[in-house]
Amino acid sequence: MAETYTAQIILASASPRRRQLLANAGYQFAVVHPEIDETEYSTEQIDSAQYAQKLALAKSKSVVRKYPESLIISADTIVDFQGEIIGKPADAKEARQIIEKLFSAPHKVITGIAVCRFCDSIELVACDATTVYPKQLTQEQITEYIKSSRWKEKSGAYAIKENGDEFVEKIDGSMTNVMGLPMELLERLLSKIFTRQ
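Since the model is a prediction, treat every value here as computed from it, not as a measurement.

1. A closer look at the environment of valine 178
If you trace the backbone, valine 178 turns up in helix 5 (residues 175-179). On the accessibility criterion, valine 178 (10% relative accessible area) is buried. Separated by 69 residues in sequence, valine 178 and valine 109 place their C-alpha atoms 5.8 Å apart.

Structural data, given as structure tokens:
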């Protein structure tokens, strides 16, 4: 299906995993890093899905006027633990606190997606949610993981692997959503655009 989409696509993301997912689906695209400061967006009085969509749209809007003829795709992934929005840890201490919390009970990974094009005022925003059922980790496992620094720049301080995972028992929902770009949802959004052209 991806090869039928001939419009120029720009992925507004610094994430290697999002680039990989989009490329693996057969899309040709350019990458432009969005220019937003995520710390300026408060998590107060907003639910997780709204927050993820708000950041995804902000990323698209930071790029869309510079490339008015291009279709801009952006995403933002957060973790929801019992209603609490959990983003990227600032340091190893916070990473450990997050891991100990998340791996004590099921939690949700939510990715907001925005698809925008300035020239014809396209602005589609949606999100997907996947429930993650973690394995119980020992303190020794957590310590080794924190030492590895694999938690850096990752929402919820961890990233799931495509072919099984040492930390995850099972998931309920989209695997690509947990990886940072829910391809099933993205395909549905793109089909809305290209079927009306």
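2. What to know about the side chain of serine 13
Mapped onto the secondary structure, serine 13 falls in the loop between strand 1 (9-11) and helix 1 (16-24). Excluding residues that lie within four positions of it along the chain, serine 13 makes contacts with Arg18, Arg19, Val31, Val32, His33 and Pro34.

3. Examining the pattern of salt bridges
For the structure shown, the criterion picks out 7 salt bridges. For lysine 101, the salt bridge identified is with glutamate 84, shortest N-O distance 2.9 Å. In this pair, lysine 101 sits in helix 3 (residues 92-102) while glutamate 84 sits in strand 4 (residues 84-86), placing the two residues 17 residues apart along the sequence. One salt bridge connects aspartate 120 with arginine 117, and the closest N-O pair in it is separated by 2.8 Å. Arginine 117 gets classed as buried once you look at its relative accessible area, which sits at 6%.

4. Focus on the nonpolar core
One finds Ile113, Val115, Leu181, Leu186 and Leu190 to be the most contacted residues of the largest nonpolar core, which totals 22 residues. Considering every element that reaches this core, the biggest residue donor is helix 6 (residues 183-194), with 7 residues. With residues up to four places along the chain from it excluded, the contact list for valine 115 reads Leu71, Ile72, Ile73, Ile122, Glu123, Leu124, Leu186, Leu189, Leu190 and Ile193. Judged by nonpolar contacts, the second largest core, of 21 residues, contains Ile99, Ala157, Tyr158 and Val168.

5. Things to note about the packing of aromatic side chains
What describes a pair of aromatic rings is the distance from one ring centre to the other and the angle between the planes of the rings. A full pass over the atoms with the stated rule returns 0 aromatic pairs. Its end group placed over the ring of tyrosine 133, lysine 170 keeps NZ or CZ at 4.9 Å from the ring centre.

6. A short note on helix 6
With 12 residues, helix 6 should reach 16 Å at 1.5 Å per residue; the first-to-last C-alpha distance of 16 Å fits that figure. Contact partners of the buried residues in helix 6: helix 1, strand 3 (71-81), strand 5 (107-117), strand 6 (122-134) and helix 5.

7. Some points on the environment of valine 63
Considering the arrangement of structural elements, one finds valine 63 in helix 2 (residues 48-64). Valine 63 sits in the buried class, given a relative accessible area of 2%. Spatially, the C-alpha atoms of valine 63 and lysine 93 are 34 Å apart, while their sequence positions differ by 30 residues. Excluding its chain neighbours within four sequence positions, the residues that come into contact with valine 63 are Ile10, Ala12, Val32, His33, Pro34 and Ile72.

8. So, the environment of glutamate 100
Looking at the secondary structure, you find glutamate 100 in helix 3. Sequence separation of glutamate 100 and leucine 137 is 37 residues, and the distance between their C-alpha atoms is 8.3 Å. Residues within four places of glutamate 100 in sequence aside, it is in contact with Gln139 and Ile142.

Scoring rules and cut-offs
Residues numbered from 1 in each chain as written. Predicted model: local features only at pLDDT ≥ 70, side-chain atom pairs only at ≥ 80, totals over all residues. Heavy atoms only, no water. Helix = DSSP H or I, 4+ residues; strand = E, 2+ residues; numbered from the N terminus. Buried < 20%, exposed > 50% of the residue type's maximum accessible area, 1.4 Å probe, protein only. Contact = heavy atoms within 4.5 Å. Salt bridge = Lys/Arg side-chain N within 4 Å of Asp/Glu carboxyl O. Core = buried A, V, L, I, M, F, W, Y, C linked by side-chain atoms within 4.5 Å. Phe/Tyr/Trp six-rings, centres within 6.5 Å; stacked < 30°, edge-to-face > 60°. Lys NZ or Arg CZ within 6 Å of the ring centre and 35° of its normal. Expected span 1.5 Å × (residues − 1).

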